[in-house]
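Survey of secondary and tertiary structure
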Amino acid sequence: MSRLQVVSGKGGTGKTTVAAALALALATEGKRTLLVEVEGRQGIAQLFETETLPYEERKIAVAPGGGEVYALAIDPELALLDYLQMFYKLGGAGRALKKLGAIDFATTIAPGLRDVLLTGKACEAVRRKDKSGRYAYDCVVMDAPPTGRITRFLNVNDEVAGLAKIGPIHNQAQAVMRVLKSPETAVHLVTLLEEMPVQETADGIAELRSARLPVGRVIVNMVRPALLDEAELELGLERTPRTAIARSLSAAGLGGARRGGSAERLVDPLLEQAAEYAERFALERGQRDVLREFGRPLHELPLLAGGMDLAGLYELATALRKQGIA
Amino acid sequence: MTPEPARTSDSAAASGTARPLAPGRALDVDALIDDPRTRIVVCCGSGGVGKTTTAAAIGLRAAERGRKVVVLTIDPARRLAQSMGIDRLDNVPRRVKDVEGEGDGELHAMMLDMKRTFDEIVEAHADKERAAAILANPFYQSLSAGFAGTQEYMAMEKLGQLRSRDEWDLIVVDTPPSRSALDFLDAPKRLGSFLDGKLIRLLMAPAKVGGRAGMKFLNVGMSMMTGALGKLLGGPLLRDVQTFVAAMDTMFGGFRTRADATYRLLQAPGTAFLVVASPERDALREAAYFVERLAADDMPLAGLVLNRVHGSGAAHLSAERALAAAENLEESRIVDQGDGKVGDRNSPDNLLSPETSQPSEASQPSETSVPSEAPHETTTSDVAETTDTTDTSVEQLTAGLLRLHAERMRLLAREQRTRDRFTALHPEVAVAEVAALPGDVHDLAGLRAIGDRLAG
């Protein structure tokens, strides 16, 4: 299994939620995972209902069976200072640079540089070992930028190549790319069963493949339950006169079936909702077919009836585990 | 079971939502776009809430109500762009065909090309030779294609350009799919102050003194800094930065001035911000941040557009009652099938008289009848087949419809809770709710339907 699992997806598809659920799912049976955030949104803290995460690896959850989830919100400026200190012992000069705005300069004006710092930090956590030679984390899950930007973000080598042809940044980019393009990494894409996110997933997969980045799984989030069998519904609606439905509603205790009666007045709105359901269901089936054509393992996570909360997160983690993702 | 339930809230049922907003809080979109003083509408909000679609729908509606409109979209879905004839990235507004309406309204649309917009600024503000040097600089290329904020800055820049051309009486702007709704407001200032920053001045100094060779004339502090930067970035990169910075020198003042001008334009009375959200927790949290930020910056907020809100024509029937009724029907079906054994199942009276399936005895339909059901169905499958086409299937269908309704009502309740949390925090914000469509929008007819729903 890949030790660096990158989770991307169109905005609004819930990629942070899926990344967090994945980190929980992978942390079973005494394993330890690190959940990494790179966009400074503090989405992880909100999900786990904890205070704002500092730039520091911190335990935020215990998974069933004793596994642990750590979290880290990577700040590109602090990562750069870290990096300067680690490789050049530039602690003091680093602070001076920060004062001058040089750190801000370096991390904002060259997006490739910023990204190499973010991915570099995640790769460092992937490769880190403790004294006994065991990996510090069994798995690192990254809540990555959205699908539209993911290839650029991960393909730091190309981005930096034009800027730094030699030098430590260049070397760092090379080292990061070796990890990202290896089977150690998998890039998962989160989508909904709607046209736009599915189209973006298709584009994302194509871009990742052409950059030779390893495409992992496609995870459909917020799947609404199939309440009725579509064919049955269609057939039933075709054969059943409105009056029969009105009588049936009346029999169920919802008022009179006569014209204008309470049950009778329910028929139209109920049929309208059924037609909307059927239309949406057909659209979703179509999108599911499109997703299958990508030839990647497909997973589905349910829409949580009560909205998203910490308990829901564990529920999604269990669903992922059941589907063999961990 | 009461045969005729009390008519609880027919008015709510008619309006399509269970608990409509108080009238004072409803956003009047038509009044906003019909007002000739409204010159700019900015649609902002977090990713995936339907900003682009909202911007396009508002633009189309305003055009069909007689205004001359241009819509600036940032990253439209392919099919939506095609339907408006702007799938080509040429950075120029194109007139949209098939706009209806009686007045002499027009709709123009364009898709932002940020690199091209940046290139155009360079070309407009530097002489030919210098412009060529800037455009070829790898550092400029990286900055123009992907500076965190370039897209936001260029959207503002383009907005300023469109406004100064004064060819349209209404400009509708979509905002970039930022990680956060606030980026749109922050990026231009950030780029502006960045380009004017202390560091840039420092970096420019050696290049001015004498290009690469000029480095040795620097003071100790400066050489330590460039030394550190050089170590980090590699010598060639630092030189590229310096040449780039020097080449851009003439433009820096301009950048700051323009960013400030666009910012002031956004505060002007003719501008209206619409915060777009879906009735989900995260989207509304971002919307709340944005509302607060707009207030802090004196930006005129027109209201909140809440997309993809679900309603029900039968909102007076609660989820609980619908589920209970569905269970009732399903239980009576089990009892009926038990009766089917006796042989009077196919009597045509069954179809006509609901009394036979009255749930009176079915109230304790019994766990006991359930296990006996399965063998029954397999052994007498031909009987079951015939009964399926009569009222058993009607009951099944009706139960299904009721279950669908229960699900809808739960969704409605959840959306309302989320919305109410927002309105409790920001009671001053007018809200327009847009009822959810079952499918995606990618043609003018769909945009028109959204516009109708927007206007209530």
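1. Comments concerning the overall build of chain A
From N to C terminus, chain A includes 14 helices and eight strands. Here chain A, with 326 residues, has 56% of them falling under the buried criterion. Of the contacts formed within chain A by residues at least 6 apart in sequence, a portion of 70% connects residues at least 24 apart. Surface accessibility of chain A: about 13,200 Å² in total, with carbon and sulfur atoms responsible for 51%.

2. Considerations on the environment of A:Leu24
Residues and elements named next belong to chain A. Relative to the helices and strands, Leu 24 resides in helix H1 (residues 15-26). Given a relative accessible area of 0%, Leu 24 falls into the buried group. Residues Leu 24 and Arg 321 lie 297 residues apart in sequence; the distance between their C-alpha atoms is 9.4 Å. Aside from chain neighbours lying at most four places away, what touches Leu 24 is Ala 61, Ala 63, Val 69, Leu 313, Tyr 314, Ala 317 and Arg 321.

3. Observations regarding helix H3 (residues 51-64) of chain B
Residues and elements named next belong to chain B. Between its first and last C-alpha atoms H3 spans 20 Å; for 14 residues at 1.5 Å apiece the expected length is 20 Å, and the two agree. In terms of burial, H3 is largely enclosed, as 14 of its 14 residues are buried. Count one or two residues on from H3 and you reach Gly 66, which has phi positive near 105°.

4. Focus on the sheet that holds strand S5 (residues 170-174) of chain B
Residues and elements named next belong to chain B. Overall, mixed pairing links the eight strands, which are arranged S3-S4-S2-S5-S1-S6-S7-S8 in an open sheet. Edge positions in the sheet fall to strand S3 (94-95) and strand S8 (431-435), since each of these pairs with one other strand and no more. The strands touched by helix H13 (residues 281-296) are strand S1 (40-44), strand S6 (271-277) and strand S7 (301-309); relative to S6, the strand with the most contacts, the crossing angle is about 160°.

How each quantity is defined
Residues numbered from 1 in each chain as written. Chains lettered and ligands numbered in written order. Predicted model: local features only at pLDDT ≥ 70, side-chain atom pairs only at ≥ 80, totals over all residues. Heavy atoms only, no water. Helix = DSSP H or I, 4+ residues; strand = E, 2+ residues; numbered from the N terminus. Buried < 20%, exposed > 50% of the residue type's maximum accessible area, 1.4 Å probe, protein only. Contact = heavy atoms within 4.5 Å. Areas by Shrake-Rupley, 256 points an atom, 1.4 Å probe, with all protein chains shown as cover. Expected span 1.5 Å × (residues − 1). Pairing = 2+ DSSP bridges. Axes fitted to C-alpha atoms, helices over the stretch in contact; angles between N-to-C directions.

No statement about biological role is implied by the geometric values presented.
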